[in-house]
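Summary of structural features
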Amino acid sequence: MQGAFAEHRQMLQRLGVDSFEVRNLADWQQDKDGLIVPGGESTTILKLIKELGLYEPIKQAIESGLPTFGTCAGLILLDHDHLNTMNIEVKRNAYGRQLGSFFAHAQFNGIGDVPMTFIRAPYITKVGEGVDVLSEVDGNIVAARQGNQLVTAFHPELNDDTRVHDYFVKMCADKV
């Protein structure tokens, strides 16, 4: 619906994974092994999924264990104020406006040093029970996992490194 969904699809294609876009309830009815909620504007995405009748089906699928990967605004949508499927609290636009965008390299548990592109990025201010912190930048939590949910404050789809997407693909394969 919004964000770098085409770039996510390209990353999946590089990994040999078929994907499709969910733009309406009929698309949602297709068989799926996982869901990527891309960046964009979280308020707009939330409004769209509610208007299209996707809010409850997506929430129920995630709560039933559908592997889900939220990047940037997708991270925000999974927090306690939105879909409320992940036990995290988030600070929106934590690094400021567009001019506050930046690039970094940092350790990501289970992967190693990864490139990270932050665009008007949030970060996680608090994690609750069951949430594993996977990466921090300057003391701020920028990646976490809870069960079958993975979130990043950065946009791994905007770099050439496929390891974060591969991590998610393996989460999907383990669930299937």
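Presented here is an overview of the structure given in this document. (Residues numbered from 1 in each chain as written. Predicted model: local features only at pLDDT ≥ 70, side-chain atom pairs only at ≥ 80, totals over all residues. Heavy atoms only, no water.)

We now examine the side chain of His82. Structurally, His82 can be placed in the loop between helix H5 (73–77) and strand S3 (88–91). A polar contact of 3.2 Å, which involves the side chain of His82, links it to the backbone oxygen of Ile76. Side-chain polar atoms of His82 contact the side chain of Asp79, separated by 2.7 Å. In this structure, His82 is in contact with Leu46, Tyr55, Ile76 and Leu77, ignoring residues within four places of it in sequence. (Helix = DSSP H or I, 4+ residues; strand = E, 2+ residues; numbered from the N terminus. Polar contact = N/O pair within 3.5 Å; in protein donor to acceptor, adjacent residues only side chain to side chain. Contact = heavy atoms within 4.5 Å.)

Right, let's get into the environment of Gln107. Within the secondary structure, Gln107 sits in strand S4 (residues 102–108). Between the C-alpha atom of Gln107 and that of Gly16, which follows or precedes it by 91 residues, the distance is 25 Å. Setting aside residues no more than four positions away along its own chain, Gln107 makes contact with Gly112, Asp113, Met116, Leu134 and Ser135.

With that out of the way, let us pick up helix H4 (residues 55–63). Buried within H4 are the following residues: Tyr55, Ile58, Lys59, Ala61 and Ile62. An end-on view of H4 places all buried positions within 165° of arc, on one side of the element. Lining the buried residues of H4 we find helix H2 (25–28), strand S1 (35–37), helix H3 (42–51), strand S2 (68–71) and strand S9 (149–152). One or two steps after H4, the chain reaches Gly65, where phi turns positive at roughly 110°. (Buried < 20%, exposed > 50% of the residue type's maximum accessible area, 1.4 Å probe, protein only. Arc of directions from axis to C-beta.)

Three or four residues apart is the spacing at which side chains of an α-helix point the same way, because the helix has 3.6 residues per turn. By the burial criterion, the buried members of H3 are Ser42, Ile45, Leu46 and Ile49. The buried residues of H3 occupy one face: seen down the axis, they fall within an arc of 100°. For H3, exposure combined with an orientation more than 90 degrees from the buried face picks out Lys47 and Glu51. Against the buried residues of H3 lie H4 and H5. One side-chain oxygen of the residue at the start of H3 lies 2.9 Å from the amide nitrogen of Thr43, identifying that residue as Glu41. Two residues or fewer past H3, Gly53 is found with a positive phi of approximately 75°.

Right, let's talk about the pairing of S2 for a bit. Alternating positions in S2 separate into two faces, Thr68 and Gly70 on one and Phe69 and Thr71 on the other, with burial throughout. As paired strands, S2 and S9 are joined by 4 bridges and run parallel to one another. Looking at the pairing, Gly70 lines up with Val151 of S9. (Pairing = 2+ DSSP bridges.)

Below, the discussion takes up the packing of aromatic side chains. Scanning the entire structure with this criterion turns up 7 aromatic pairs. Ring plane angle 70° and centroid distance 4.9 Å describe the contact between Tyr95 and Phe102, whose orientation is recorded as edge-to-face. Taking the relative accessible area as the measure of exposure, Phe102 reaches 25% and is therefore partly exposed. Here the aromatic residues Tyr95, Phe102, Phe118, Tyr123 and Phe154 are joined through ring pairs into a cluster of three or more. In this arrangement the basic side chain of Lys32 is found over the ring face of Trp28, its NZ or CZ atom lying 4.2 Å from the centre. A cation sits over an aromatic face here: Lys50 above Tyr55, 5.3 Å from the ring centre. (Phe/Tyr/Trp six-rings, centres within 6.5 Å; stacked < 30°, edge-to-face > 60°. Lys NZ or Arg CZ within 6 Å of the ring centre and 35° of its normal.)

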